[in-house]
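Spelled out from the first residue to the last, the chains are:
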2 protein chains.
Amino acid sequence: MRIMKEKEQVVEWMSRRIGERTVMLPGMPGIAAWASIVGTKEGDGPYGGKFDRVIPDELNGENSFEAAERSMLESAVKICAQHADCALTEVQMLLAGDLLNQIISAGFAARNLQIPFYGLYGACSTMSESLSIGSMLTDGGYADRLICATCSHFCTAERQYRAPLELGNQRTPTAQWTVTGAGAVMLCSGAAAAACPVVLTHTTCGRVIDLGISDANNMGAAMAPAAADTIAAHFRDTERNSGDYDMIVTGDLGRFGRTLLLKLLEEREIDVRPEKLFDCGSEIFSPEQDTHCGGSGCGCAASMLCAHILPELASGRLSRILFMATGALLSPTTTMQGESIPGVAHAVVMESRRRNG
Amino acid sequence: MRIMKEKEQVVEWMSRRIGERTVMLPGMPGIAAWASIVGTKEGDGPYGGKFDRVIPDELNGENSFEAAERSMLESAVKICAQHADCALTEVQMLLAGDLLNQIISAGFAARNLQIPFYGLYGACSTMSESLSIGSMLTDGGYADRLICATCSHFCTAERQYRAPLELGNQRTPTAQWTVTGAGAVMLCSGAAAAACPVVLTHTTCGRVIDLGISDANNMGAAMAPAAADTIAAHFRDTERNSGDYDMIVTGDLGRFGRTLLLKLLEEREIDVRPEKLFDCGSEIFSPEQDTHCGGSGCGCAASMLCAHILPELASGRLSRILFMATGALLSPTTTMQGESIPGVAHAVVMESRRRNG
């Protein structure tokens, strides 16, 4: 075919891999825009004023919690596109997923948005999975403009993974509260990336790690080993250490999981000072909100990234961070069949443009 | 960082997009190896002799159908790596998904295989989704070697999506039989790709299309519109027509869905002769096997691709095909909440090396 023949001559193939599990993004894809939307409890939390929108109640005008969750994802994508001053028809791909069976929030949102759609599932790691894949697709010129998005909803996740909401059972001390929220991030490439306030420079793909935790109310402990594994791989591959980052942002380890991660890193002799480790789940609610170990769900890392982390990078208050959401790859079926809980964590490096000028 | 600084100078960013939804793959990633494994019913079908392995019974030596499904995916990946004469540790990414809630087959297989893992969900379109994303990641140099894989199992899908197996209820005329099977395809890039018998040249990302079908026993009708939409986009973007392909391979439209797709293409004035449209679901079982409209499930397109289509390409009996598995993005929850069934289809172009020499 003509197009191929012409192009073939100008392309010189080059490996982007460094080390075992990391790739660099020499095209420096940019983050052009972002948007977040959360529920009322999240709106009442310490970051309440920073979200783009707080929905009025759990149903957000819909007939079911599932439809409400999907409406939040749709809104986040639309607001994100508006922030970039771009029509939905100009967005070439939507990389999205969520916690619900068959990722129905993402699939049905994609039906309404009509953006070409790749569905992802990485449990609560989905935001960093979408950014990891999305960063490569924009860096390589496979998309000029795409949106990465995820969402979760307390009322849908609780009844799917744990127990009917009406049961009102006692929560264990290590339990976390599924965040009602969504986040959407637009990546762009080429000339458009040069104008973006934040760029992506590397991504590290996670392995599935399982140290045998089988308590479905202790997700933090199940996910911390995957986080430690990915941080170790990232530092090894890039020959960097925590001194190269202003912040290491995890998704929803929660207060207990965050402590465990620090312990696991110490055991591996990887120095990460506690004040550098920002866990979205530990931060999104105040201790007075009685969520025990903090927030969880894909929407936790996604909404906090868009409400707090990206603005800090855009303004230059943060120079370079490692963003790494973690996911627990269990299902009620595997738990009932006596399986332990595998975790996964993908990482992306984000840099502020303000840093270099 | 040093590595970035050096590389920045040699990289010239170039868009790989042609038309609205298609990208070209000028690096021509290669398909180095493939493997398939199926259940006994599939082994008794017309392609029975072509699969790499047929499991002895539904449990394949495991304690549950879910564990059996996962063991098939694991085996397919291992056999695929063996065929490429490559250790699992040399595979840099696993792009995989399945039909089960929280894609537990893929997640737990990735735990055992220890290959860095991106989880995907595209229902029965997952094989082409993984090849679509995988083709871009290898073309761009983000992976030297990765495996795309999916699986499904009659006994797990039936009880999750429809009814307990013990119920033994009557199946409707448009029903399809979920294939017990798995397929794995290794993609490679750069110099290694030049030695591969089959290469990937383009991929077209699907949109989620829903024409209002709400019968969960009529997946073919729900998915055919998405297939028509992707074929139309692919032909428009590449300025090709069906004359440029020896075969258009769909995943599991089944006999009824395949007929509908031909009708929808005719309405759009897209000429595809019936004999060029090979639907894996319509072919995997013989009419005597009483599966009504044929096979379905992620494992259908995956196992037929690896058992029949790729060998035909490798030998040069097929020169160029469009592979496009379709998925129905419903869940039992959305069906119970009165939603119709959205479909999606991703396409990849595969070419035989024998063709050009």
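Rules behind the numbers
Residues numbered from 1 in each chain as written. Chains lettered and ligands numbered in written order. Predicted model: local features only at pLDDT ≥ 70, side-chain atom pairs only at ≥ 80, totals over all residues. Helix = DSSP H or I, 4+ residues; strand = E, 2+ residues; numbered from the N terminus. Rg over C-alpha atoms; globule rule 2.2 N^0.38 Å. Buried ≥ 20, exposed ≤ 12 C-beta atoms within 10 Å, placed from the backbone. Contact = placed C-beta atoms within 7 Å. Axes fitted to C-alpha atoms, helices over the stretch in contact; angles between N-to-C directions. Parallel < 35°, antiparallel > 145°, perpendicular 65-115°, else oblique. Left-handed = near helix turned anticlockwise from the far one by under 90°. Nonpolar A, V, L, I, M, F, W, Y, C, P; charged D, E, K, R; others polar. Core = buried A, V, L, I, M, F, W, Y, C linked by C-beta atoms within 7 Å. Pairing = 2+ DSSP bridges. Right-handed = clockwise from strand over helix to strand, strands pointing away. Domains from an automatic or database assignment. Least-squares fit on C-alpha atoms with pLDDT ≥ 70 in both. Expected span 1.5 Å × (residues − 1). Bend = angle between axes of the 7 residues up to and from the residue. pLDDT = per-residue confidence, 0-100.

### A short note on the overall build of chain A
- Check the secondary structure of chain A and you find twelve helices and 17 strands.
- Against the globule reference of 21 Å for 357 residues, chain A gives a C-alpha radius of gyration of 19 Å, in line with a compact fold.
- Expressed as a percentage of the 357 residues in chain A, the buried residues total 64%.
- Nonlocal contacts in chain A, meaning residues at least 24 apart in sequence, comprise 80% of its contacts between residues at least 6 apart.

### Regarding the packing of helix α3 (residues 65-83) of chain B against helix α4 (residues 104-113) of chain B
Residue and element names in this part refer to chain B.
- Two elements in contact, α3 and α4, have axes separated by 9 Å at closest approach and are oriented at 55 degrees. Classed by the angle they form, the pair α3 and α4 counts as oblique. As α3 runs across α4, the sense of the crossing is right-handed. Here E66, E69, R70, L73, E74 and V77 of α3 come into contact with α4, specifically with I104, S105, A106, F108, A109, N112 and L113.
- Its residues assigned to classes, the contact of α3 with α4 comprises seven nonpolar, two polar and four charged.

### Side note on the nonpolar core
- Core analysis: the largest hydrophobic core is formed by 259 residues, its most contacted members being A76(A), C80(A), L94(A), I147(A), C80(B), L94(B) and I147(B).
- Residue contacts for C80(A): discarding those within four places in its chain leaves A33(A), W34(A), A35(A), I147(A), A184(A), V185(A) and M186(A).

### Digging into the pairing of strand β5 (residues 93-98) of chain A
All names here are of chain A.
- Of all six residues that make up β5, six are buried, and the element is covered over most of its length.
- Pairing between β5 and strand β7 (residues 145-152): six bridges, direction parallel. Bridged to G97 within β7 is T150.
- Two elements, β5 and strand β6 (residues 117-119), share three bridges in a ladder whose sense is parallel. Note that in β6 the partner of L95 across the bridge is Y118.
- A crossover connection joins β5 to the parallel β6 through helix α4 (residues 104-113); in handedness this β-α-β unit is right-handed.

### What about the domain arrangement of chain A?
All names here are of chain A.
- Assigned domains within chain A: domain 1 (29-188) and domain 2 (197-351).
- Just the C-alpha atoms count here: the centres of domain 1 and domain 2 sit 18 Å apart.
- With 47 residues of domain 1 at the contact, the number on the domain 2 side is 51 residues.
- Counting only elements with at least two residues in the side of domain 1 that touches domain 2, the list comes to β3 (30-38), α2 (40-43), α5 (126-139), β7, α6 (154-162), β8 (177-178) and β9 (181-188).
- In terms of residue class, the side of domain 1 that touches domain 2 is made up of 23 nonpolar, 18 polar and six charged.

### Focus on the relation of the copies chain B and chain A
- Screw-axis analysis of chain B against chain A gives a translation of 0.0 Å along the axis, an RMSD of 0.0 Å, and a rotation angle of 180 degrees. Accordingly, the operation relating the two chain copies is best matched by a two-fold axis.

### Details of the environment of V198(A)
All names here are of chain A.
- As for its placement among the helices and strands, V198 is situated in strand β10 (residues 198-204).
- Given 24 C-beta atoms within a 10 Å radius, V198 is considered buried.
- C-alpha separation for the pair V198 and A149, spaced 49 residues apart in sequence, amounts to 17 Å.
- Not counting chain neighbours up to four residues away, the residues in contact with V198 comprise G30, I31, L310, L313, A314, M350, E351, S352 and R353.

### As for the interface of chain B and chain A
- Contact with chain B, which involves 63 residues of that partner, is made by 63 residues of chain A.
- Take the side of chain B that touches chain A: its biggest share by element is five residues, from α4(B).
- Split into classes, the residues belonging to the side of chain B that touches chain A amount to 31 nonpolar, 21 polar and eleven charged.

### Digging into unusual backbone geometry
All names here are of chain A.
- Of note in this structure, N60 is not a glycine but carries a positive phi near 50 degrees.
- Structurally, N60 can be placed in the loop between β4 (53-54) and α3 (65-83).
- Residue N60 is classed as buried on the basis of its 20 C-beta neighbours within 10 Å.
- One non-glycine residue, H292, lies in the positive phi region at around 60 degrees.
- Mapped onto the elements of the fold, H292 is located in the loop between α10 (280-283) and β13 (295-296).
- With 18 C-beta atoms counted inside 10 Å, the residue H292 sits in the partly exposed group.

### Remarks on helix α9 (residues 254-267) of chain B
All names here are of chain B.
- For α9, with 14 residues, the first-to-last C-alpha span of 20 Å sits near the 20 Å given by 1.5 Å per residue.
- Close packing links the buried residues of α9 with α8 (219-238), β11 (247-250), β12 (277-279), α10 (280-283) and β13 (295-296).
- Just past α9, the residue E269 takes up positive phi, approximately 60 degrees.

### Remarks on the environment of S125(A)
Residues and elements named next belong to chain A.
- Here S125 is to be found in the loop between β6 and α5.
- The exposure class assigned to S125 is buried, which follows from the 35 C-beta atoms found within 10 Å.
- Taking the C-alpha atoms as reference points, S125 and G251, separated by 126 residues in sequence, lie 7.2 Å from one another.
- Once residues lying within four places of it in the same chain are set aside, the contact partners of S125 are G206, G251, A325, T326, G327, V344, A345 and H346.

### Remarks on the environment of L200(A)
All names here are of chain A.
- Locating L200 in the fold gives a position in strand β10.
- A C-alpha to C-alpha distance of 9.0 Å links L200 and G27, two positions 173 residues apart in sequence.
- If near-sequence neighbours (up to four positions away) are discounted, L200 is found in contact with L25, P29, I31, S135, V348, V349 and M350.

### Re helix α11 (residues 298-315) of chain A
All names here are of chain A.
- Taking 1.5 Å per residue as the helical rise, α11 with its 18 residues ought to reach 26 Å, and the 25 Å between its terminal C-alpha atoms agrees with that figure.
- Along α11, the helix axis deviates most sharply at L305, where the bend reaches about 45 degrees.
- Following α11 by one or two positions, G316 adopts a phi angle in the positive range, close to 90 degrees.

### Some thoughts on the confidence of the model for chain A
All names here are of chain A.
- Summing up the model confidence of chain A, the mean pLDDT is 94 and the portion of residues at 70 or higher is 96%.
- Note that pLDDT drops below 50 for residues 1-10; the model gives that stretch nine contacts with residues more than four away or on any other chain.
- Scored by ipTM, the complex comes to 0.96, with pTM at 0.96.

### Details of the pairing of β11(B)
Residues and elements named next belong to chain B.
- Bridge analysis of β11 against strand β14 (residues 320-324) gives four bridges, and the strand direction is parallel. Bridge pairing in β14 links I248 to L322.
- Between the parallel elements β11 and β12, the chain passes through α9 in a crossover that is right-handed.

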